[in-house]
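One letter stands for each residue in the lines below.
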Amino acid sequence: MSLAPDLTEIAARARSDLRMGVPVVLSGRGGAALIMAAETLEAQRLADLRALGGTPVLAITARRATTLKARAYDDDLARVILPPDVSLGWILSVADPADDLKSPMKGPLTSERGGAVDLHRLALSLVKSSRLLPAALVLPLTEGVEFARRHGLTLLDTAAAPQLELTSPLHPVVSARLPLAVSEAGRLHIFRPEDGGEEHYAIEIGQPDRAVPVLARLHSACFTGDLMGSLKCDCGPQLRGALAQMGAEGAGVLLYLNQEGRGIGLANKMRAYSLQDQGFDTVEANHRLGFEDDERDFRIGARILSLMGFSSVRLLTNNPAKIAMMEQNGIKVIERVPLKLGENTHNHHYLATKAAKSGHML
């Protein structure tokens, strides 16, 4: 018997530490490294890192490297060599594009090439899933286990499972009747991931027959659109329109997935909005931040549908990626039901970009 946390639970601890600015130690077949998230790095910890000696690098995604004209020798990431007199401000300016237009010359930046990059890749995955800017300081260590023990740091050892699954399994917690404006026959289901991350919700309308395709919607949380009535997106109208259609048909299920800002989190979404104010479109803004067009994981939706007993859907969506992900994960999409709502003068360019660059059927 063991009460020790498993690899998934330790990864959750590591994400929490990184959000607080606490370093973590990664260990794998290619060695060990000390990791610090650039966004939450403080001056004293940077000084402590430099006092350790060695040759730390700043790992950034290839998307961010393209903006900075840095060489991404490792395909999906670049290992930027730190200047001898590196300052906290310099690191933050490389990680955060907020002042790119005001101070475009960050370099020239020199990238490391050759050698293993598995731990650098894992470091970026961890900071991304922590909803932080995708940039991490990485310092190779000769002995990760002892270093972590001596400094009281979280040690994530992936030697036994190099392909760490950062999407945690989900389990139903509770469901209860929830009368809604669109239907008094509403029911809310709560699903909790094993790693203690954000819960996801399913709103069930009526009593859908599990033996036939259910009218379904995968809706990603949008604080600005769903709650505040933002005109910059079409999320709020889509949410209310989908529920209204389910209410009119008397049955359906809407999955409310906590993947704000296409999976980058609300803070990074606001950073993207700030970049849009500088003239970049939604895809360009995500890329300048170091993210992909869409960082969401729709496997979560497929898992919830399966847990609820559904195997086929009539999917309310304009996004072909959702259809593909459902099909790849055991949920048959019998029909795509268009959901074209909420266009206005503020989001016209945003919707046009989704159609032109992200393949949305608008």
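These figures come from a predicted structure and were not determined experimentally.

Rules and cut-offs
- Residues numbered from 1 in each chain as written.
- Predicted model: local features only at pLDDT ≥ 70, side-chain atom pairs only at ≥ 80, totals over all residues.
- Heavy atoms only, no water.
- Helix = DSSP H or I, 4+ residues; strand = E, 2+ residues; numbered from the N terminus.
- Contact = heavy atoms within 4.5 Å.
- Areas by Shrake-Rupley, 256 points an atom, 1.4 Å probe, with all protein chains shown as cover.
- Lys, Arg positive; Asp, Glu negative; His and termini not counted.
- Charge placed at Lys NZ, Arg CZ, Asp CG, Glu CD.
- Pairing = 2+ DSSP bridges.
- Axes fitted to C-alpha atoms, helices over the stretch in contact; angles between N-to-C directions.
- UniProt positions renumbered as here; feature names shortened; annotations may be inferred.
- 1 Å grid on protein atoms, 1.4 Å probe; cavity = no way out; pocket = protein on both sides within 12 Å on 5 of 7 lines; lining within 4 Å.
- Buried < 20%, exposed > 50% of the residue type's maximum accessible area, 1.4 Å probe, protein only.

**Focus on the overall build of the protein**
- Within the protein, the regular secondary structure consists of 14 helices and 14 strands.
- With respect to the three principal axes, the spread of C-alpha positions in the protein is 65 × 60 × 30 Å.
- In the protein, once contacts between residues fewer than 6 apart in sequence are set aside, the share between residues at least 24 apart is 67%.
- Carbon and sulfur atoms make up 54% of the accessible area of the protein, which amounts to about 16,800 Å² in all.
- Separation of charge centres in the protein, based on 40 positive and 41 negative side chains, amounts to 2 Å.

**Let's talk about the sheet that holds strand β12 (residues 252–257)**
- The strand order across the open sheet built from seven strands is β8-β9-β10-β12-β11-β13-β14, with neighbouring strands paired in mixed fashion. Since the sheet does not close on itself, it has two edges, and those belong to β8 (170–177) and β14 (332–337), each with one partner. Looking at each pair of strands side by side, their axes are set apart by 25° on average, direction ignored.
- Of the pairings in the sheet, the one linking strand β11 (residues 214–220) to β12 comprises five bridges and is parallel in character.

**Regarding the UniProt feature "active site" (unreviewed entry) in the protein**
- Residues annotated in UniProt with the feature "active site" (unreviewed entry) correspond here to Asp294 and Arg296. Restricting the annotated residues just mentioned to those that line the second largest pocket leaves Arg296.
- If you trace the backbone, Asp294 turns up in the loop between α11 (282–289) and α12 (299–307).
- On the basis of relative accessible area, Asp294 is assigned to the partly exposed category, the value being 27%.

**Some points on the sheet that holds strand β3 (residues 57–61)**
- One open sheet holds the seven strands; their spatial order is β5-β4-β3-β6-β2-β1-β7, and the pairing between them is mixed. Both edges of this open sheet fall to β5 (111–112) and β7 (155–157), since each of them pairs with a single strand only.
- Sheet analysis places strand β4 (residues 77–81) next to β5, joined by two bridges and oriented antiparallel. The partner of Val80 across the bridge, within β5, is Ser111.
- Packing against the sheet, helix α5 (residues 118–129) makes contact with β1 (24–28), β2 (31–37), β3, β4, β6 (135–141) and β7, and its axis sits at approximately 145° to β6.

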